[in-house]
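Observations on chain architecture
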Amino acid sequence: MGRKSIVLCGFMGCGKSTIGSLLARKMGMAFVDMDSYIEKKEGKSVSEIFAQSGEEHFRMLEREAAKELAGKKGLVIATGGGTLTFRENVDTLRKSGSIVLLDLPVEAVEERLKYDTTRPLLARPDKSEVIRELYNKRLPLYREAADISVDASNSPMQVCMEIMSEL
Ligand code: S3P
């Protein structure tokens, strides 16, 4: 039996990639960022995939990536903000390890994403409303998916320590 993976979940901007890479280093585990994994495989950025092939196609690539990564052991996986809003991905990734929600209030999410231009779902003039609407829809799904939840308002190091003590 190999080591279980740690799967980080939460809204865009909650720190999944930053905390994931730090946590992996501290735990001596390999880190995989799902968006980067998909980008590398496709040779395109997430924005390019959305623009050229649409969100549905991206979700299919995301589903495939979840299955591939769930087949490996001992990873710290940073999911995309939409990944664990789909039941199928929750079922897939839960088999490989523990799902950790990085919980961040919507006000902090908005602040962190204010100048972001890399998220295709937020590339709109009504960004603030889109964030709030998506956030409210997704938070209950994240909570349902997660085995544990940590306060992501703290520093990345503090968040890592909390995850390690809770797991
Ligand atoms: C998405 C979040 C992004 C990326 C894609 C879609 C979402 O990941 O997967 O733009 O649906 O919330 P991050 O949470 O890393 O920004």
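First, a word on scope: everything that follows refers to the structure included in this document. The model shown is predicted, which means the values in this text are computed figures rather than measured ones. (Residues numbered from 1 in each chain as written. Predicted model: local features only at pLDDT ≥ 70, side-chain atom pairs only at ≥ 80, totals over all residues. Heavy atoms only, no water.)

**Examining the sheet that holds strand 5 (residues 148–151)**
Put simply, the test is: The criterion for strand pairing is that DSSP finds at least two bridges linking the strands in question. Runs of H or I in DSSP of at least four residues are treated as helices and runs of E of at least two as strands, each being numbered from the N terminus. Angular values range over 0 to 180 degrees, each being the angle between N-to-C directions of two axes fitted as lines to C-alpha atoms, with helices fitted over their stretch in contact.
Pairing within the open sheet is parallel, and its five strands lie in the order 2-3-1-4-5. Across the chains shown, the open sheet's two edge strands, defined by having one partner strand only, are strand 2 (30–33) and strand 5. Geometrically, the sheet is characterised by an average inter-axis angle of 25° between neighbouring strands, direction not taken into account. Across three bridges, the pairing between strand 1 (residues 5–9) and strand 3 (residues 75–78) is parallel. Its bridge partner being in strand 3, Val7 is matched across the sheet by Ile77.

**Considering the pattern of salt bridges**
One side chain can pair with another of opposite charge once the charged atoms of both are near each other. The line we're drawing: What counts as a salt bridge is simple: a side-chain nitrogen of Lys or Arg found within 4 Å of a carboxyl oxygen of Asp or Glu.
Throughout the structure, instances matching the rule amount to twelve salt bridges. The salt bridge involving Glu68 is made with Lys41; its shortest N-O contact spans 2.8 Å. Residue Glu68 is located in helix 4 (residues 55–70), and its partner Lys41 is located in helix 2 (residues 34–42); the two are separated by 27 residues in the primary sequence. Its salt-bridge partner being Arg132, residue Glu110 comes within 2.6 Å of it at the nearest N-O pair.

**Let's talk about empty space enclosed by the protein**
Quick reminder of the rule: Site definitions follow a grid-based scheme: protein atoms alone, a 1 Å grid, a 1.4 Å probe that fits but cannot get out for cavities, and for pockets an open set with protein on both sides within 12 Å along at least five of seven lines, plus lining residues having an atom within 4 Å of a point. Grid points are joined across faces, edges and corners, and a volume is the space filled by probe spheres set on the points. Gly counts as polar in this scheme, as do all residues outside two lists: the nonpolar Ala, Val, Leu, Ile, Met, Phe, Trp, Tyr, Cys and Pro, and the charged Asp, Glu, Lys and Arg.
Enumeration according to the criterion identifies two cavities of 30 Å³ or more in this entry. One number sums up the size of the largest cavity: a volume of about 50 Å³. Surrounding the largest cavity, Gly10, Phe11, Cys14, Leu101, Leu102, Asp103, Leu104, Tyr135, Leu139 and Tyr142 form its lining. Among the elements of the structure, strand 4 (97–103) and helix 7 (127–145) are those that each provide at least two residues to the lining of the largest cavity. For the lining of the largest cavity, the per-class residue count stands at eight nonpolar, one polar and one charged.

**A closer look at the state of the cysteines**
Formally: We call a pair of cysteine sulfur atoms a disulfide whenever their separation is within 2.5 Å.
Inspection of every chain in the model, using the stated rule, returns zero disulfides. Cys14 supplies the cysteine sulfur nearest to Cys9, a cysteine that is in no disulfide, at a spacing of 7.6 Å.

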